[in-house]
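Structural features, examined
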Amino acid sequence: MQSTDKTEILGATRFFDEAADTEFIQSLGIRVRESRARRGMSRKSLAQSSNVSERYLAQVESGETNPSIMVLRHVAHALGISLVELLEPQQSSPEYRLISRFLEQLSPNRLEEALLRLMRDFGNEDASRRKRIALVGLRGAGKSTLGRALAGELALPFVELNSAIETEAGMSLNEVFMLYGQPGFRRLERRCLESFIAQHESAVITVGGGIVSEAETFNLLLMNCFTVWVKATPEEHMSRVVAQGDFRPMEGNTEAMEDMRRILVAREPLYSKADFTLDTTGRRPEDCLVQLHQAITT
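A brief look at the structure comes next. Model, not experiment: these values are computed from the prediction.

What counts as what
Residues numbered from 1 in each chain as written. Predicted model: local features only at pLDDT ≥ 70, side-chain atom pairs only at ≥ 80, totals over all residues. Heavy atoms only, no water. Salt bridge = Lys/Arg side-chain N within 4 Å of Asp/Glu carboxyl O. Helix = DSSP H or I, 4+ residues; strand = E, 2+ residues; numbered from the N terminus. Buried < 20%, exposed > 50% of the residue type's maximum accessible area, 1.4 Å probe, protein only. Contact = heavy atoms within 4.5 Å. Pairing = 2+ DSSP bridges. Axes fitted to C-alpha atoms, helices over the stretch in contact; angles between N-to-C directions. Core = buried A, V, L, I, M, F, W, Y, C linked by side-chain atoms within 4.5 Å. Parallel < 35°, antiparallel > 145°, perpendicular 65-115°, else oblique. Left-handed = near helix turned anticlockwise from the far one by under 90°. Nonpolar A, V, L, I, M, F, W, Y, C, P; charged D, E, K, R; others polar.

Focus on the pattern of salt bridges
Following the criterion strictly, the structure yields 13 salt bridges and no others. Measuring nitrogen to oxygen at the nearest pair gives 3.0 Å for the salt bridge that ties R43 to E61. Remark: E61 occurs in helix α3 (residues 54-61) and R43 occurs in helix α2 (residues 43-50); sequence separation between them is 18 residues. Among the salt bridges present, the one from E194 reaches R190, with a minimum N-O distance of 2.9 Å.

If you want it as C-alpha cells, here you go:
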C-alpha cells in the first residue's frame, strides 16, 4: 500500500514538473517572438544574426522544442538583451527594460550620478523635500548652531539625529559604539532617520558626518530631505571643536589634522551630493544663516 502511495506521489510530482516545464518553454518562445517584434526583426534576420536556423527558431518561438543554453545565448545577443531577460518572465514595461539596459552600460560613477538624478527628479516632490532640511558635514562646521537658529526662524522642530540615537539606545554614543560597534550604530542611525521622516513632515535635522559612508541611509536622507553640506577648512573644524571644550584633538595635533584632511578629501564626493553647499569658513553665523535661509526658500 505504501509503495503504491509513493508511486502515485512521484507520478504526480513528475506530472507537475512536466507541466511547468512545458509552460516555461512556451513562455520562453513568446518572449523571443515579442523581443524580435519590438526590434522589428524578421525571423530570417534573427536567424542570420544568431547563427540559428530559421526553422529551429520557428520551433523555439512556438514552444515546440527545448533549446540549449548556447542557442539561447546567441539569440539573446542577437536581440540585444541579456540572457536573464530572455529566460525570466519580465513583468515590467518595455520602457523599464530599456532603462535597465541603459543603466547596465554606465560606469559605477555615472550609475551613481544617474541614481541621484532619478531620486531628485522622480522621488518625492521637491516642494515636499524642502519641508525637511537636513544639515550634514563634519563636527565643527556649525551644523548645530545653524540648524537650531534656522528651526527657530522657521518655527520648525529641531532634531539632532545623534541625540535621537542616544535616546533610542538609552545610552551615550560612546557606549553604543563600545557595545554594538560601528554596524550596530549604523543600524540605529538608519532606524532613527526612518522614524524622523515618518514623524516629521516639516523639520530641521542635523546628522553625523559619517552618515554618508552608509549608502542606503544617505540616499534615504537625500530622497526625503533638502540636504545642505555645511563645510569648513580642516583648521576651522579643529578650532571650533576645541572651542566647544573638547581638547582631545589637540593630543597629537599634527596627526589629528592630517586625519581630518584625509576624511574631508575622501568624503567630498559624497557630501557634494547635497542640494546645497554652505561654506562657513571665516564667516559669522548670522551671515551663514541668511544664505542658508535663501537657499531653502529659492
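A few points about the side chain of T65
Checked against the element boundaries, T65 lands in the loop between α3 and α4 (69-79). Look at T65 and you get buried, because its relative accessible area is 16%. Setting aside anything within four residues of it in sequence, one finds T65 in contact with I25, Y56, Q59 and V60.

Topic: the sheet that holds strand β5 (residues 276-279)
Ordered in space as β2-β3-β1-β4-β5, the 5 strands form an open sheet in which the pairing is parallel. Every other strand in the sheet has two partners, leaving β2 (158-160) and β5 as the edge strands with one partner each. When strand polarity is set aside, the average angle formed by the axes of neighbouring strands in this sheet is 20 degrees. Taken together, the 3 bridges between β2 and strand β3 (residues 203-206) define a ladder with parallel strand orientation. Looking across to β3, one finds that F158 is bridged to V204.

Considering the nonpolar core
Within the largest apolar cluster, 34 residues are counted, with the highest numbers of intra-cluster contacts made by L161, L193, F196, I205 and I211. Sorting the residues of this core by element identifies β1 (132-136), α10 (161-169), α11 (173-199), β3, α12 (215-224) and α14 (253-271) as the ones contributing at least two each. In terms of residue count, α11 provides more of this core than any other element does, 8 residues in total. Excluding residues that lie within four positions of it along the chain, L161 makes contacts with E189, C192, L193, I205, T206, V207 and I211. V52, V60, L72 and I81 belong to the second largest nonpolar core, which has 16 residues in total.

Here's the deal with the packing of α2 against α4
Close contact between α2 and α4 brings their axes to 8 Å; oriented N to C, the two are set at 115 degrees. On the basis of their axis angle, the class for α2 and α4 is roughly perpendicular. As for the relative orientation of α2 and α4, their crossing is right-handed in sense. In this structure, α2 uses L46, S49 and S50 to contact α4, whose residues at the interface are H74, V75, A78 and L79. The residue makeup of the contact of α2 with α4, split by class, is 4 nonpolar, 3 polar and no charged.

What about the pairing of β1?
Among the 5 residues of β1, 5 are classified as buried, and the element is accordingly described as predominantly covered. In β1, alternate side chains face the same way, and those of R132, A134 and V136 on one face and I133 and L135 on the other are all buried. Direction of pairing for β1 relative to β3: parallel, over a ladder of 4 bridges. Looking at the pairing, I133 lines up with V204 of β3. In terms of strand pairing, β1 meets strand β4 (residues 226-231) through 4 bridges, oriented parallel. Opposite I133, over in β4, you have F226 as the bridge partner.

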